[in-house]
Amino acid sequence: MVIDIWRVVLSAGLVAGVAVVPQASSSAAEEAAGYERIVNGDFSAGGGEPWWAGANTRASVTGGEYCVDVTGGTANGYDALSGQNGVPYEAGQTYTMKFDARAVVEQRISAVAGESVAPYRQLARTDVAITPAKQTFTLTFQSTVDFPAAGNGQFAFWFGGQSFDNTICVDNVSLAGGVLPPPGVEPAGPLRVNQVGYVPGLPKQASLATGSATPLTWTLRDGAGTSVTTGQTTPKGHDAASNENVHVIDFSSYDRPGGGYTLSVGADVSHPFDISANAMTGLRSDSLAFFYHQRSGTPIEARYVGAEYARPAGHMNVAPNRGDDDVPCRAGLECGYTLDVRGGWYDAGDHGKYVVNGGIAAWQLQNAYERAALLGDKAALGDGTLAVPERSNGVPDVLDEARWELEFLVSMQVPDGRPLAGMAHHKIHDEQWTGLPTLPHEDAQPRRLSAPSTAATLNLAAVAAQASRLWAPYDAAFAARALSAAEKAYAAAKAHPGMIADPDDGIGGGSYSDPTVTDEFYWAAAELYVTTGRYRTDVTNSPLFGGKSFNARGFDWGATGALGDVSLVLTPRDVPTAPIRSAIVTTADAHLATMASAGHPAPYRTGDGGYEWGSNGLVANNGMVLGLAHDLTRAAKYRDGAFATMDYLLGRNPVGFSYVSGWGDRPVRNVHHRHWANQLAPSLPTAPPGVLSGGPNSALQDPVAQRLLPGCAPQRCWVDHIEAYSLNEVTVNWNSAFAWLSNWVAEHSAPPPTAANCQVTYTASTWQTGLTGALTVKNTGTTAWDGWALTFAFDGEERITQGWNATWSQTGAAVRAGNAPWNARIAPGASVSIGFNADGTGAHRSPAEFAVDGGRCAP
């Protein structure tokens, strides 16, 4: 969620491509009617966005004016630029350029309307002499070129070509004209589908935006264009999130695998999609590959990512880099030391590294493995499953990737013997914002540490404690070092509980200020408790204990209490986890209710119905809650909700895009990123496959969004534009959420048969501190079972203490009963009776679902 305050266009300037327009006089020319094309031309908001300052310039808003310090000694006017991109022009339309300007020392400047990329065509240029007295300049011209609102049109001031340093201030900059209003949302076809695919045996739904109030006929066609099934749409009425009248198409009954399917209603045809159990399984590795691309301090090698995405190591003190090996604190802190903080992940599309964002992202990767090891398929995340340098080292690749970040987090601790020893610096990034595009090894900015913070320190404590238990089987020394860092950090945070990151520390990197750290204390205590068995009182005395962090909005870097709950419920010790289970299930039910009422279902709800910065990350995190609810209950509705979440992210949304690069017929391409910057520099690539866009943001917190999307409905406040950073940024913590969900979906993409060949009856006799369970398992099929395994999940704190007539085991809530040697064979129509005793307090509910050998049984 990093805001870039200045945008630098790395061009030589707007090289003259048409005849120079004569200098304008200070008297007003005939002004063109039309729309205002400049954003923030009066600088009344107090900031300079979206104006950028290029080489040899440094800009700020002072006294309501945009003032630029210009370095002297340049040869050409375009050697010192400041301007605004994405300015729309229409061929044949008239425009009036107007601005006020003054200078400390009299000089000539140029105001230029034209193109921001080669061949740098000019539409108009006025050369004026400015003096210490403010003057107003006006020019009317006619455009000869079309530049759409999301295109390469530019308005810029040329300040260079003089021998002396100077300060130039401009104000009331206007460019009015044209007949096309701001374009709003890019057109999207009315049929919205998961553009990647649907899984046989699971729900398959699409959305249709239509003015019709009555059902319409839909047709499903295969890849050859042959109709395979038809049906009627179900009208849902007005959908507030998209401001559309929406119908739902349900084709769940069609399960024949194949590629290139399309849905049609009348003349409208959807994007193509597959029906396949493997449709989305590749997202598991692509979403995790994002993190290797984001590594700092190491070359990104072609053998792992391909030649298009290979690059030298960034911030390694190789010119022009200043390097991350000897980084001082930022001005005013005077910490008295430097740190070697090489490594880690670049947080987003910029070159900053932030402990609070990296912390939740590393935790989520580690939790994906821990959950899979306890409840799922850990082999799918094992050694050799990712294209990373550490593959084939005997350690699960996802843990290797998380370690790359964890080593950086530990390096951010204040050294022993210093004031605040054990605390973690909040972040490290450039002194000033770098421009688009800038590859990491080309960044010439000085690097600086921000002050330590309690939130960053607790992130380190939580993630290092989690890593310690996961790494113990693979690297005992590292596990011990991680735990030592975690305990040192936790003690330091308790000694300094109120060190809040400065909310105004947002130059060169995002502030990531979090005024409330109760959640981080709870999270860190929970991870330390699960790993060590100590810190129990810190967990149970927290006001957040018992699942109180789960809510309809979801968790993120600033709201981390739910992370501690997840670890507690997956790896319980001797604290009651029934309230946590209940909170997860209740929250998942609320998500399902929200989705059931939506035209384009997403598990996300805010108080005012708006969508916020990084909404897709919250959607993915809430998809994780749905997945966990299924893990805890085995209820199919939560599995279906997790898959519907993927439908939304992969194209079943009002903008008609897959929000994941490289996946779908119309995937996001132009994410906000400094080296996946093809939109600005054709020699650079677009985003690699598996990168999640931040998604709709109805607050429109960047100038491109404000220019293009005024009045947009919440789910339609998005555009695929590299400079729309409040909509189309990428971050490690959004991709970690998507990676967790992608892994879960891949694991559940082979749905078990329903009620095929087994039936289970269950009864329980309870007392104050436990129960006895009795089960009868019947073979309802036509062939004998030669060996069998029954699985189910408890809904509360029950722990099996004794079992009979089967081999019993339990991991968390999940229970497995395998056959004994003498009852392995069960003939058709025959049954076996088994039972158990269990400890547990509170109300006992019968398990929601039973399965034999993976197949769900009839009740």
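See above for the structure.
Because the structure is a prediction, the values reported are computed rather than measured. Every chain begins its residue count from 1, and numbering advances along the sequence as written. Side-chain atom pairs in this predicted model are given and counted only at pLDDT of 80 or more, local residue features only at pLDDT of at least 70, and totals for whole chains, interfaces and linings cover all residues. Excluding hydrogens and water, the side-chain figures rest on all heavy atoms present in the structure.

Engineer: Explanation requested: the overall build of the protein chain in the structure shown.
Structural biologist: When you go through the protein chain residue by residue, the secondary structure sums to 15 helices and 37 strands. For the radius of gyration, the atom set is restricted to C-alpha positions; the globular benchmark scales as 2.2 Å times the number of residues to the power 0.38. Taking 859 residues into account, the globule formula puts the C-alpha radius of gyration at 29 Å, and the protein chain, at 30 Å, falls close to it. In terms of its C-alpha atoms, the protein chain occupies a principal-axis envelope of roughly 100 × 75 × 45 Å. Note on classification: 1.4 Å probe, protein chains only; a residue is buried when its accessible area is under 20% of the maximum for its type, exposed when over 50%, partly exposed between these limits. Counting every position in the protein chain, which comprises 859 residues, the buried fraction comes to 60%. Long-range contacts, defined here as pairs at least 24 residues apart, represent 74% of the contacts in the protein chain between residues at least 6 apart. Asp and Glu count as negative and Lys and Arg as positive, but His and the ends of the chain are not part of the count. One atom stands in for each charge, and that atom is NZ of Lys, CZ of Arg, CG of Asp or CD of Glu. Distance between charge centroids for the protein chain: 5 Å, based on 56 positive and 81 negative side chains. Comment: elements are numbered from the N terminus, with helices defined as DSSP H or I runs of at least four residues and strands as E runs of at least two. Contacts were defined at the residue level, with two residues in contact if any of their heavy atoms lie within 4.5 Å.

Engineer: When you look at the sheet that holds strand β22 (residues 353-354) in this model, what are you seeing that I'm missing?
Structural biologist: Sheet architecture is open: 3 strands sit in the order β22-β24-β25, paired in antiparallel fashion. Here the strands that pair on one side only, and so sit at the sheet edges, are β22 and β25 (447-449). A strand pair is defined by DSSP finding two or more bridges across the two strands. Here strand β24 (residues 427-430) pairs with β25 via 3 bridges, running antiparallel. Looking at β25, one finds that aspartate 430 is bridged to arginine 447.

Engineer: Explanation requested: the side chain of serine 549 in the structure shown.
Structural biologist: Along the polypeptide, serine 549 turns up in the loop between α8 (536-540) and α9 (561-570). Setting aside anything within four residues of it in sequence, one finds serine 549 in contact with Leu544, Gly561, Ala562 and Asp565.

Engineer: Any chance you could explain the sheet that holds strand β12 (residues 191-192) here in plain terms?
Structural biologist: Two strands in a sheet stick together by hydrogen bonds in their backbones, pointing the same way (parallel) or opposite ways (antiparallel). Ordered by their spatial adjacency, 4 strands build an open sheet running β12-β14-β18-β17, and the pairing between neighbours is antiparallel. Both edges of this open sheet fall to β12 and β17 (234-239), since each of them pairs with a single strand only.

Engineer: Mind showing me how you'd approach the packing of helix α3 (residues 355-375) against helix α5 (residues 454-471) here?
Structural biologist: The relative placement of two packed helices comes down to the angle between their axes together with the axis-to-axis distance. Every axis in this analysis is a line fitted to C-alpha atoms, fitted for helices over the stretch in contact. Angles between the N-to-C directions lie between 0 and 180 degrees. In the contact formed by α3 and α5, the axes pass within 9 Å of each other and the chain directions differ by 20°. Comparing the axis directions of α3 and α5 gives the class roughly parallel. Seen from above, α3 lies across α5 with left-handed handedness. Together, Val355, Val356, Gly359, Ile360, Ala362, Trp363, Gln366, Asn367, Tyr369 and Glu370 of α3 and Ala455, Ala456, Asn459, Val463, Gln466, Ala467, Arg469 and Leu470 of α5 make up the contact between the two elements. We call two directions roughly parallel when the angle between them is under 35 degrees, roughly antiparallel when it is over 145, roughly perpendicular when it lies between 65 and 115, and oblique otherwise. Helix crossings get a hand from a simple test, with the near helix turned counterclockwise from the far one by less than a right angle marking a left-handed crossing and a clockwise turn marking a right-handed one.

Engineer: What is the right way to look at helix α6 (residues 476-495) in this model?
Structural biologist: Side chains three or four residues apart in an α-helix point the same way, a direct result of the helix having 3.6 residues per turn. In this scheme, a helix's expected span is set at 1.5 Å multiplied by one less than its residue total. For α6, which comprises 20 residues, the first-to-last C-alpha distance of 29 Å matches the rise-based estimate of 28 Å (1.5 Å per residue) to within 8%. If you follow the buried residues of α6, they end up packed against α4 (397-411), α5, α7 (518-532) and α8.

Engineer: So what exactly am I meant to see when it comes to the packing of α5 against α7 here?
Structural biologist: Relative orientation of the contacting elements α5 and α7 amounts to 20°, with a least axis distance of 8 Å. With respect to α7, the axis of α5 lies roughly parallel. Between α5 and α7 lies a crossing whose hand is left-handed. Contacts between α5 and α7 pair Thr454, Ala455, Leu458, Asn459, Ala461, Ala462, Val463, Ala465, Gln466, Ser468 and Arg469 from the former with Glu520, Phe521, Trp523, Ala524, Glu527, Leu528, Val530 and Thr531 from the latter.

Engineer: Just checking my understanding: could you explain the nonpolar core for this structure?
Structural biologist: Judged by nonpolar contacts, the single largest core of 158 residues is most densely connected at Met280, Leu568 and Ile584. In this structure isoleucine 584 touches Phe550, Val569, Val625, Leu628, Ala629 and Leu632, once residues within four positions along its chain are discounted. Throughout, nonpolar core names a set of buried Ala, Val, Leu, Ile, Met, Phe, Trp, Tyr and Cys residues whose side chains join them through atoms within 4.5 Å.

Engineer: Hey, could you run me through the state of the cysteines in this one?
Structural biologist: Formally, a disulfide is one covalent bond, and it connects the sulfur atom of one cysteine to the sulfur atom of another. Disulfide: a pair of cysteine sulfur atoms within 2.5 Å of each other. As enumerated under the stated definition, the model contains 4 disulfides in all. Put simply, cysteine 67 and cysteine 169 are joined by a disulfide, and their sulfur atoms are 2.1 Å apart. Of note, the bridge from cysteine 67 to cysteine 169 carries an S-S torsion of about 110° and is right-handed in sense. Within this pair, whereas cysteine 67 is found in strand β4 (residues 65-70), its partner cysteine 169 is found in strand β11 (residues 166-177), the two being separated by 102 residues in sequence. Owing to a relative accessible area of 10%, cysteine 67 belongs among the buried residues under this scheme. Assessed through its relative accessible area of 3%, cysteine 169 is described here as buried. The residue that forms a disulfide with cysteine 758 is cysteine 857, at a sulfur-sulfur distance of 2.0 Å. The chirality of the disulfide connecting cysteine 758 with cysteine 857 is left-handed, given an S-S dihedral of about -100°. One end of the pair, cysteine 758, is in strand β27 (residues 754-767); the other, cysteine 857, is in strand β37 (residues 855-858), and 99 residues separate them in sequence. When its relative accessible area of 12% is taken as the criterion, cysteine 857 is described as buried.

Engineer: Looking at this structure, I do not really get the pairing of β4. What am I missing?
Structural biologist: For a regular strand, side-chain orientation follows a simple rule: the groups alternate between the two sheet faces. Burial within β4 is extensive, with 5 of its 6 residues counted as buried. The pairing of strand β3 (residues 57-62) with β4 spans 6 bridges and is classified as antiparallel. Bridging across to β4, alanine 59 finds its partner in valine 68. Connecting β3 to the antiparallel partner β4 that follows it, the hairpin turn spans 2 residues, and glycine 63 within it adopts a positive phi of roughly 60°.

Engineer: What should I look at first to understand the environment of glutamine 162 in this one?
Structural biologist: Along the chain, glutamine 162 turns up in the loop between β10 (153-158) and β11. Residue glutamine 162 is classed as buried on the basis of its relative accessible area, which comes to 7%. Separated by 54 residues in the primary sequence, glutamine 162 and arginine 108 have C-alpha atoms spaced 8.5 Å apart. Beyond its immediate stretch of four places on either side in the chain, glutamine 162 contacts Val70, Thr71, Gly72, Gly73, Thr74 and Gln107. For glutamine 162, the side chain forms a polar contact with the main-chain oxygen of phenylalanine 164, separated by 2.9 Å. Polar contacts here mean pairs of N or O atoms no more than 3.5 Å apart (in protein, one a potential hydrogen donor and the other a potential acceptor; neighbouring residues in sequence count only if both atoms are side-chain atoms).

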